[in-house]
Amino acid sequence: MTYKLSIITVCYNEPNLEKTCKSIIEQTYQDFEWIVVDGGSNEQTQNIWNKYKNRINTFVSEKDSGVYNAMNKGIKQSNGEYLLFLNAGDYLFDKDALKKVIDKKLDRDICYANNMVYEDENHSYIKRYPKVLDYSFWIKNTLCHQATFIKHELFEKYGFYNENHRIVSDLEIWILFLHVKKVSYKNIDVICSVFINGGISTNKNYEELAYKERNELIDKYFTKEEIENAQKEHYSLLENIFSIKDHWDCKHKVLTVLGIHIKLKHF
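Figured I'd write up the structure that's included with this text.

What counts as what
Residues numbered from 1 in each chain as written. Predicted model: local features only at pLDDT ≥ 70, side-chain atom pairs only at ≥ 80, totals over all residues. Heavy atoms only, no water. Helix = DSSP H or I, 4+ residues; strand = E, 2+ residues; numbered from the N terminus. Buried < 20%, exposed > 50% of the residue type's maximum accessible area, 1.4 Å probe, protein only. Contact = heavy atoms within 4.5 Å. Areas by Shrake-Rupley, 256 points an atom, 1.4 Å probe, with all protein chains shown as cover. Axes fitted to C-alpha atoms, helices over the stretch in contact; angles between N-to-C directions. Parallel < 35°, antiparallel > 145°, perpendicular 65-115°, else oblique. Left-handed = near helix turned anticlockwise from the far one by under 90°. Nonpolar A, V, L, I, M, F, W, Y, C, P; charged D, E, K, R; others polar. Salt bridge = Lys/Arg side-chain N within 4 Å of Asp/Glu carboxyl O. Polar contact = N/O pair within 3.5 Å; in protein donor to acceptor, adjacent residues only side chain to side chain. Pairing = 2+ DSSP bridges. Right-handed = clockwise from strand over helix to strand, strands pointing away.

When you go through the protein chain residue by residue, the secondary structure sums to 10 helices and 12 strands. A total of 267 residues make up the protein chain; the buried ones form 48% of that total. Here the contacts in the protein chain between residues at least 6 apart in sequence split such that 69% fall between residues at least 24 apart. Of the accessible surface of the protein chain, which amounts to about 13,800 Å², a share of 50% is contributed by carbon and sulfur atoms.

See below:
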């Protein structure tokens, strides 16, 4: 059976799994298949999956070599025209989240909505994305795959997630599809999902690896001139005269005096 949408959830012993599951089964729009790729989780996690087995279309539970290996398994199991990766721990914003997106029409190769970033009980914010995704965006930013709907055929046509990376393969797939292959896209201005800050991509223990992998990607896909231009766009006229602010890569502070930028250790 072919569906308009496949939701792919990858998981390994996620303590907030139940919130993810409830957000999926409570959607007012239900014309989707739900594919679960579990990395061989413990009994407690398996018990949660069993509670929702009647709604799960495809369930795979076996060891994998990492999150991107699991995501690739999910793609190969899916039958939807579009894919949404809602990993265990993250969840859909409200019960009408999918309906609001579908009502705006999935009619491009990639359709990306907005998301909430949850820091902790006292800190969260809405992240919105520009309508135009130019080279400067990719050098400084990325999309949230929990709120991005990707045509299934793109993976068959251009390739799957690079399993050699631990952290930045989602950014690489965006750059490949949208910057290199220049597939069609549009922004859907609704809040689709809640991304929980604290996964491997935002974990301070992996900060150095994330920084290294991201820089390698940027150097691979963008020219030195594009990278320099993107950095310049990060500063307003007044900030170029004097400022102390986060570097565009968010890993350092930068002292700027009369257009000269001096990178400092984060303090």
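Running from amino to carboxyl end, helix α7 (residues 169–180) crosses helix α8 (residues 207–221) at an angle of 15 degrees, the nearest separation of the two axes being 11 Å. With respect to α8, the axis of α7 lies roughly parallel. As for the relative orientation of α7 and α8, their crossing is right-handed in sense. On α8, the residues that touch Leu171, Glu172, Ile175, His179 and Val180 of α7 are Arg214, Leu217, Lys220 and Tyr221. Taken together, the residues that form the contact of α7 with α8 break down as five nonpolar, one polar and three charged.

Inspection of every chain in the model, using the stated rule, returns 11 salt bridges. Residue Glu18 pairs with Lys51 through a salt bridge whose shortest N-O separation is 2.7 Å. Of the two residues, Glu18 is situated in helix α1 (residues 17–25) and Lys51 in helix α2 (residues 43–51); the sequence distance between them amounts to 33 residues. Exposure remark for Lys51: the relative accessible area of 55% places this residue in the exposed category. For Lys99, the salt bridge identified is with Asp103, shortest N-O distance 2.8 Å.

To continue, consider helix α3 (residues 67–77). Of all 11 residues in α3, eight are buried; the element is thus mostly enclosed. Residues of α3 that are buried: Tyr68, Asn69, Ala70, Met71, Asn72, Lys73, Gly74 and Ile75. Looking at the buried positions of α3, the neighbouring elements they touch are β1 (3–11), β2 (32–38), β4 (80–85), α6 (152–158) and α7.

What follows concerns the side chain of Thr20. On the secondary structure map, Thr20 appears in helix α1. Among the polar contacts listed, one links the side chain of Thr20 to the backbone oxygen of Asp90, at a separation of 2.7 Å. Those residues in contact with Thr20 that lie beyond four places of it in its chain are Thr9, Leu86, Asn87, Ala88, Gly89, Asp90 and Tyr91.

So, on to the pairing of strand β6 (residues 110–120). Counting buried positions along β6 yields eight of 11 residues, so the element is predominantly enclosed. When β6 meets strand β8 (residues 148–151), the two strands line up antiparallel, connected through three bridges. When the sheet's bridge partners are listed, Tyr112 is paired in β8 with Thr148. Relative to strand β9 (residues 185–196), β6 runs parallel, the two being bridged by eight bridges. Bridged to Asn115 within β9 is Ser193. Where β6 meets strand β7 (residues 123–127), five bridges bridge the pair, whose relative direction is antiparallel. Counterpart to Asp120 in the pairing with β7 is His123. Where β6 folds back on β7, the antiparallel hairpin that results is connected by two residues.

Here we take up the pairing of β2. Buried residues dominate β2, accounting for seven of its seven residues. Across seven bridges, the pairing between β1 and β2 is parallel. Pairing of Ile8 across the sheet is with Ile35, part of β2. With α1 bridging β1 and its parallel neighbour β2, the resulting β-α-β unit is right-handed. One ladder, built from four bridges, connects β2 with strand β3 (residues 58–61); its direction is parallel. When the bridges of β3 are listed, Val37 appears paired with Val60.

Attention now goes to the packing of α1 against α2. Across the interface, α1 lies against α2 with an axial gap of 10 Å and an inter-helix angle of 10 degrees. Relative to α2, α1 is oriented roughly parallel. Between α1 and α2, the residues in contact are Leu17, Glu18 and Cys21 and Thr45, Ile48, Trp49 and Lys51, respectively.

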